Amino acid sequence: MDTSKELLFFFSALGVFNGIILGVYFFFFTKKKYLTNYFLGALLFALSIRIGKSVFVYFDSALPKMYLQIGLTACFFIGPCLYYFLKSAVEEINIMPKSWKVTLLFLGIVIVTVGILFPYEDYPELWRHYFIRVIYLQWFVCIVLSGFTIKTVLKKIVDKNHKSTPSEVWFSTLFLGNFLLFLFYFLALIGAPSATYISGAIVFSFILYLIISILLYRKKTDDLFLLNGQKSSVKKIDSEEAVILSEKLENVMIEKELYKNSNLTLQDLAQEVNISSHQLSQFLNNNVGKNFTSFINEFRINEACKIIKSSDKFTLESIGYDVGFNSKSTFFAAFKKHTGKTPLNYQLQVL
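Residues numbered from 1 in each chain as written. Predicted model: local features only at pLDDT ≥ 70, side-chain atom pairs only at ≥ 80, totals over all residues. Heavy atoms only, no water.

Inspection of the secondary structure puts lysine 328 in helix α14 (residues 328–339). In this structure lysine 328 comes out as partly exposed when scored by relative accessible area, which is 41%. On a C-alpha basis, the gap between lysine 328 and leucine 316 in space is 8.5 Å, while along the polypeptide they are 12 residues apart. Discounting chain neighbours no more than four positions away, the residues touching lysine 328 are Glu317 and Tyr321. (Helix = DSSP H or I, 4+ residues; strand = E, 2+ residues; numbered from the N terminus. Buried < 20%, exposed > 50% of the residue type's maximum accessible area, 1.4 Å probe, protein only. Contact = heavy atoms within 4.5 Å.)

What follows covers the nonpolar core. Judged by nonpolar contacts, the single largest core of 44 residues is most densely connected at Leu40, Phe85 and Trp139. For this core, the elements supplying multiple residues, two or more each, are α1 (3–28), α2 (35–59), α3 (66–90), α4 (98–117), α5 (124–149) and α7 (166–189). The dominant element in this core, judged by the number of residues it contributes, is α3, at 13 residues. Those residues in contact with phenylalanine 85 that sit more than four places away from it in its chain are Thr36, Phe39, Leu40, Trp170, Phe171 and Leu174. (Core = buried A, V, L, I, M, F, W, Y, C linked by side-chain atoms within 4.5 Å.)

With that settled, consider unusual backbone geometry. Phi at glutamate 257 takes a positive value of approximately 50°, unusual for a residue other than glycine. In this fold, glutamate 257 is placed in the loop between α9 (239–255) and α10 (266–272). For glutamate 257, a relative accessible area of 34% puts it in the partly exposed group.

Moving on: the packing of α3 against α5. Between α3 and α5, the shortest axis-to-axis distance is 9 Å and the interhelical angle comes to 10°. By the angle between their axes, α3 is roughly parallel relative to α5. Here the residues of the contact of α3 with α5 are counted per class, giving 16 nonpolar, six polar and one charged. (Axes fitted to C-alpha atoms, helices over the stretch in contact; angles between N-to-C directions. Parallel < 35°, antiparallel > 145°, perpendicular 65-115°, else oblique. Nonpolar A, V, L, I, M, F, W, Y, C, P; charged D, E, K, R; others polar.)

Okay, the packing of aromatic side chains next. Inspection of every chain in the model, using the stated rule, returns 20 aromatic pairs. When the centroid spacing of 5.5 Å and the interplanar angle of 50° are considered together, the rings of tyrosine 83 and tyrosine 84 count as tilted. A relative accessible area of 17% means that tyrosine 83 is categorised as buried. Accessibility expressed as a relative area gives 7% for tyrosine 84, which makes it buried. An aromatic cluster of three or more residues is present, and its members are Phe118, Tyr120, Tyr123, Trp127 and Phe131. Positioned above the aromatic ring of phenylalanine 325 is the side chain of arginine 300, whose terminal nitrogen or guanidinium carbon lies 5.5 Å from the ring centre. (Phe/Tyr/Trp six-rings, centres within 6.5 Å; stacked < 30°, edge-to-face > 60°. Lys NZ or Arg CZ within 6 Å of the ring centre and 35° of its normal.)

Confidence in the prediction of the protein chain, expressed as mean pLDDT, is 79, and 76% of residues score 70 or more. Confidence, read as mean pLDDT per element, is least for helix α8 (residues 197–217) in the protein chain (60) and greatest for helix α12 (residues 292–310) (91). Below a pLDDT of 50 lies the segment residues 230–235, which in the model reaches 10 contacts outside its immediate sequence neighbourhood of four places, other chains included. (pLDDT = per-residue confidence, 0-100.)

A few words now on the side chain of serine 146. Here serine 146 lies in helix α5. The exposure class of serine 146 is buried, given its relative accessible area of 0%. From its side chain, serine 146 meets the backbone oxygen of cysteine 142 in a polar contact 2.7 Å long. Ignoring any residue separated from it by four or fewer positions in sequence, one finds serine 146 in contact with Leu82, Tyr83, Leu86 and Phe175. (Polar contact = N/O pair within 3.5 Å; in protein donor to acceptor, adjacent residues only side chain to side chain.)

Along its 25 residues, α3 runs 37 Å from first to last C-alpha, staying within 8% of the 36 Å computed at 1.5 Å per residue. Once α3 finishes, glutamate 92 follows within two positions and takes phi at roughly 55°, a positive value. (Expected span 1.5 Å × (residues − 1).)

Where α3 meets α4, the axes come as close as 10 Å, and the angle between the chain directions of the two elements is 170°. Between α3 and α4, the angle is such that the two are roughly antiparallel. Of the residues in α4, those in contact with Gln69, Thr73, Phe76, Phe77, Pro80, Tyr84, Lys87 and Ser88 of α3 are Trp100, Thr103, Leu104, Leu107, Gly108, Ile111 and Gly115. Among the residues making up the contact of α3 with α4, the classes are represented as eight nonpolar, six polar and one charged.

Here is the structure:
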């Protein structure tokens, strides 16, 4: 290996190592824990493994085929991690929705099952001509979905009359960097002139060093993960909007009986009324004067009171489960808090 190749290998491999270190940082060492942190960490892990495979195989093609399989397996998660990273930032989601967990679990089961049943070592043609196309198609679809998710931010970046915030520049850079990575790898895949897999590693290293320089330069990095900032959190929604939102919440809670879902989250309810979870939390705390749990429990207790009044055929514990509580103790405590009486005392009083 000549000097130029040695330098190329060194900087590419160093980029992979730094990517893993940075992924660990976003997972465990950021002061404030946002869902975006975790998805960015996962994205860097997946990219580092994918890039690492390219680097080592490019400079030593005699490596075991398992390296190729591991690299392509990691590639399968790059797109989803990028999409969820951007979506959690744009929609201010800080608790992972159940649908995301199910999707990631499904993808994990699929790729692991395929890897066990059809290992690269035994089925190289299958991976080179079919599996890799599916993986890159999935990656491309996620890139497109990510573009739609962040399109408003990208428009602000190119608008000369808009002064971009650090977070807008940060998210735009990460999206465009991932797009360039996909483009370089795709061009290499289809055999475009002058396109090699090592080009992706070089681009990744460059973007990574840019990210590191931003983190080292800025004394405060938490605001990079807040696209909408924190100033709005102390401001109440105006009265007209509050009335409309209150009616929408009342209607959706009663008509769909969402409170009966013991796993209902702030994000779930926010999606039902078509606002961000941050806005809903702000509205409940500042305009309604309740947190999310108290707001939902009020509907549950009201329903429980109706059931207790209508019949004595049900046990108090079963009523608690029917209206959405996931334990007897939680139901009894919430009932006492909202009515001033225990469920049993209330039952004896009304029947």
